[in-house]
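Tertiary structure, described
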Amino acid sequence: MLRYLSGAESVLWVSGCRTKVASAAPCVHDKPCFSFDMSLPPPDSLLAVVIPAYNAGDLLGNCLASVEGSELRPDQVFVIDNHSRDDAVQRASLRFPQMQFVRNAANLGFGVACNRGIELAFARNAEFVLLLNQDAVLEPNTLSSLIALAREEPRAGAIGCKTLSPATVPGARPRVLYNGSWQRWLALWQRIPGIGQEDSPGDHDPREVDFVWGHAMLLRCSALRDVGLFDPGFFMYMEDLDLCDRLQRAGWQNWCDSRVVCWHAIEDSARGENSDDWRWQMKLESIRVYYRKRHSRWLADLLWLLTALREGVSLLVDAHWRACGHVLQGVGRCLSGAPPARPPAPA
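Now for a look at the structure at hand. (Residues numbered from 1 in each chain as written. Predicted model: local features only at pLDDT ≥ 70, side-chain atom pairs only at ≥ 80, totals over all residues. Heavy atoms only, no water.)

1. Points about unusual backbone geometry
- Positive phi, close to 60°, is recorded for His 83, a residue that is not glycine.
- Relative to the helices and strands, His 83 resides in the loop between β4 (76–81) and α2 (88–95).
- A residue is classified by how much of its surface remains accessible, and His 83, at 27% relative accessible area, is partly exposed.
- The backbone phi angle of Asn 125 is positive, close to 55°, even though this residue is not glycine.
- As for its position among the elements, Asn 125 is in the loop between α3 (110–123) and β6 (126–132).
- By relative accessible area, which is 7% here, Asn 125 ends up buried. (Helix = DSSP H or I, 4+ residues; strand = E, 2+ residues; numbered from the N terminus. Buried < 20%, exposed > 50% of the residue type's maximum accessible area, 1.4 Å probe, protein only.)

2. Here we look at the packing of aromatic side chains
- In the structure shown here, the tally under the stated rule is four aromatic pairs.
- On the basis of an interplanar angle of 45° and a centroid distance of 6.3 Å, the ring pair of Phe 110 and Phe 230 is categorised as tilted. With Phe 110 in helix α3 and Phe 230 in the loop between α5 (221–227) and α6 (239–249), this pair connects stretches of sequence that are 120 residues apart. Considered together, Phe 110 and Phe 230 belong to a single accessibility category, that of buried residues.
- Ring centres 5.8 Å apart and planes at 85° place the aromatic pair Tyr 290 and Tyr 291 in the edge-to-face group.
- When the ring centre of Trp 252 is taken as reference, the NZ or CZ atom of Arg 155 above it lies at 3.7 Å.
- In this structure, Arg 225 is placed above the aromatic ring of Phe 122, and the distance from its NZ or CZ to the ring centre is 4.5 Å. (Phe/Tyr/Trp six-rings, centres within 6.5 Å; stacked < 30°, edge-to-face > 60°. Lys NZ or Arg CZ within 6 Å of the ring centre and 35° of its normal.)

Here is the structure:
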């Protein structure tokens, strides 16, 4: 069985009850974090859903209700709480007693939280695992369509779906947040057709893509056993793109199923008036990790600076002055060797 070493104690919540989960040895970023047993029996469960949670408020309940209302009911649902300060996970554990809730002893980041849930799915020998953001909502037919596409495309290691943001103006159509993503000459300068535009009902053909985003990501467990889980070197941002690139390099494919929809009410929190300096520093740190994994240091840092410049120009064109300032501030902190950014503790 593939095993990820996370290095922190957890608490398991089942029907509102607490049980401690033993801690593991710490994981070192530049050493292998997985072990393999290829003599696994055939999968005895079809689908597990993993939802990382952090100070989710009422969003988590809406997300879990959409999973429970799916036409295809998952065999297991795991909510991985990254040491939230609110009571959203406790309330959800009482509302959805059939689901399992694991509380991390610290905020370990998005990728590590996902890895913990994937480990639990592996322990039940699941065939597929769906990663879902706490603020995402599925349509009833989304899961069944994703699984059907995975059956049609046996080399599909990761599959996403069209993601829409609800209309904020009466009479307007929902806007596209994701409908497939491809690399340009600069790997992390993604080509995302239709992003920010009103959804076109006629655009519903599945397509092979370069990147599937982690807010709603179906993963084939056999592909994960081949390439490994999320790299814990990414605290937040780019871990999904890194995984998709590793899947492609190993001969797997990434797909977007545009026949079905996931709703995501919150757009990129690093942009616009909601921009935070720590968030941009964290994003830039992850971009640098991505390039340094693939190139020599001087080339990686050059590509990183070009990507940061492109982000800054894009923000200027869209008149996001606050976010542009945070990009410049984040570049300066990264170059000066400032400590890694982390989300601030709630007041």
